There are 6 protein chains.
Amino acid sequence: MADIWLTTLVTATPQEGFELAITLSRRGVKYTQPDASVLKQLRPDYANSAEALTAASHVIATHFQTIAAANDYWRK
Amino acid sequence: MADIWLTTLVTATPQEGFELAITLSRRGVKYTQPDASVLKQLRPDYANSAEALTAASHVIATHFQTIAAANDYWRK
Amino acid sequence: MADIWLTTLVTATPQEGFELAITLSRRGVKYTQPDASVLKQLRPDYANSAEALTAASHVIATHFQTIAAANDYWRK
Amino acid sequence: MADIWLTTLVTATPQEGFELAITLSRRGVKYTQPDASVLKQLRPDYANSAEALTAASHVIATHFQTIAAANDYWRK
Amino acid sequence: MADIWLTTLVTATPQEGFELAITLSRRGVKYTQPDASVLKQLRPDYANSAEALTAASHVIATHFQTIAAANDYWRK
Amino acid sequence: MADIWLTTLVTATPQEGFELAITLSRRGVKYTQPDASVLKQLRPDYANSAEALTAASHVIATHFQTIAAANDYWRK
């Protein structure tokens, strides 16, 4: 992937940080499976599986830890 | 999602922090599957599965780490 | 849940901290499935499954990280 | 469990810390399933499953993070 | 593996850090299964499985935590 | 296990730290299943399973977090 998609972990608000965590989670998938058509095809598999959605939420939580620390938890 | 749902990680008590961790866990799911009717349909799948409930509890634990750190563990 | 069940992460000993980690793990499950009768029914599923017990132990380990940090690892 | 089994996270060496991490992992299982005869019966299930052994190793790794931090990584 | 492939965790940008996290994730696999032909054969298994892709993304997230901390979150 | 196999978490380079993380991951398995012949027998199970290899890589990543922190991320 030659495009620039991540230049900073700093966000204005925790919610933007959460959304960045989602972006990172998805990027982790895309680096492993870059074919967008395959990803689209797989979407029903996890978007309709409680287990897969929980696993996706876990990855987001892991990235959110990193991003929250990077922003000093948006404490002030 | 255009609504504002997360403006701070600071909470008055650890219990409120725990409840915020639950909110974050659920939001992680909702961002991946925004269709509330699908989520409702999936609910019996995980609410009646020991494995799925444990996995959900794990995501909550991960978010609670972040929130506890953000609150300096509510030490005083 | 209107009851107050978590007012501090500080414990006198690491063992009490470990037991609090267990409480948090179970609370994570209860918030997702508040029906005690369902939980009771699920109990044999995970209490007799090596995989489920290991997963439960993992959640406890995650909460114990948080609680140990909150107590500065009971260093003195 | 009325017995006292955890009074400190401080260990003399990293290896002792690793072994304490194993103890914590097993305790997490025992608190959930206190019946030793059931645990003994489940042992072949995970001791002969690559997946279960890896999951057990993951829990140990999580506890080892906590214990290593508690010992300031045995740096001196 | 006699080759030198990891000399620093410091990267110029968060994106390079993310890409290093992917490298570490893959190396973790390669150390366990060094046979490139087997890995190639397994590729369709996980590149076409929503669950496997999410698990891979989780490993990347874990390594990214480490690398982000190593770079002080690229804060300045 | 009476042998001494872990005396320090300090390594000269990140790569050596990564290799130590692999050692710790394997030790976590060996403590649970000390029988080398069983482990040898299980090897094909996980060395040829994409899911198991990813899980093994996750454990390595968790230990690498600990070791990287112990080495202050080999920053200088």
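The coordinates are above.
Values in this document were obtained by computation on a predicted structure and should not be read as measured data. (Residues numbered from 1 in each chain as written. Chains lettered and ligands numbered in written order. Predicted model: local features only at pLDDT ≥ 70, side-chain atom pairs only at ≥ 80, totals over all residues. Heavy atoms only, no water.)

1. Quick notes on the overall build of chain A
When you go through chain A residue by residue, the secondary structure sums to three helices and zero strands. Secondary structure elements of chain A occur, N-terminal to C-terminal, as α-α-α. Each principal axis of the C-alpha distribution contributes one length, and for chain A these read about 40 × 35 × 15 Å. A sequence separation of at least 24 residues applies to 64% of the contacts in chain A between residues at least 6 apart. Carbon and sulfur atoms form 54% of the exposed surface of chain A, whose accessible area is close to 3400 Å². Distance from the positive charge centre (7 side chains) to the negative charge centre (7 side chains) of chain A: 4 Å. (Helix = DSSP H or I, 4+ residues; strand = E, 2+ residues; numbered from the N terminus. Contact = heavy atoms within 4.5 Å. Areas by Shrake-Rupley, 256 points an atom, 1.4 Å probe, with all protein chains shown as cover. Lys, Arg positive; Asp, Glu negative; His and termini not counted. Charge placed at Lys NZ, Arg CZ, Asp CG, Glu CD.)

2. Some thoughts on the interface of chain E and chain A
On the side of chain A, 34 residues touch chain E, which itself brings 27 residues to the contact. Interface area for chain E against chain A, summed over the two sides, is near 2400 Å², with a carbon-plus-sulfur share of 64%. Viewed at the interface, chain A and chain E are joined by 13 residue pairs in polar contact (both at pLDDT 80 or more). When contributions to the side of chain E that touches chain A are tallied by element, the ones reaching two or more residues are α1 (14-32), α2 (36-47) and α3 (50-70) of chain E. Of all the elements, α3(E) adds the most residues to the side of chain E that touches chain A, at 13 residues. Of the residues assigned to the side of chain E that touches chain A, the class counts are 14 nonpolar, eight polar and five charged. (Buried area = accessible area lost by both parts, 1.4 Å probe. Polar contact = N/O pair within 3.5 Å; in protein donor to acceptor, adjacent residues only side chain to side chain. Nonpolar A, V, L, I, M, F, W, Y, C, P; charged D, E, K, R; others polar.)

3. Overview of the relation of the copies chain E and chain A
Least-squares fitting of chain E to chain A yields an RMSD of 0.0 Å, with the transformation described by 0.0 Å of translation along the axis and a rotation of 60°. Within this description, the copies of the chain are treated as partners about a six-fold rotation axis. Every residue of chain E has its C-alpha some distance from the rotation axis, and the shortest such distance is that of T62(E), at 6.9 Å. (Least-squares fit on C-alpha atoms with pLDDT ≥ 70 in both.)

4. What to know about the side chain of N71(A)
Residue and element names in this part refer to chain A. Position of N71 relative to the elements: it lies in the segment after α3 (50-70). In this structure the side chain of N71 is engaged in a polar contact, spanning 2.8 Å, whose partner is the backbone oxygen of I67. Each residue touching N71, except ones within four places of it in the same chain, is listed here: L9, V10 and T11.

5. Concerning a negative patch on the surface
A cluster of acidic residues, E51(A), E51(B), E51(C), E51(D), E51(E) and E51(F), forms a negative patch at the surface. Along the polypeptide, E51(D) turns up in helix α3 (residues 50-70). (Patch = residues over 30% accessible without salt bridge, like charges linked within 9 Å, V, L, I, M, F, W, Y side chains within 5 Å. Salt bridge = Lys/Arg side-chain N within 4 Å of Asp/Glu carboxyl O.)

6. A closer look at helix α1 (residues 14-32) of chain D
Across its 19 residues, α1(D) extends 28 Å between first and last C-alpha, which sits within 8% of the 27 Å expected from 1.5 Å per residue. The buried fraction of α1(D) is high, at 14 of 19 residues. (Expected span 1.5 Å × (residues − 1). Buried < 20%, exposed > 50% of the residue type's maximum accessible area, 1.4 Å probe, protein only.)

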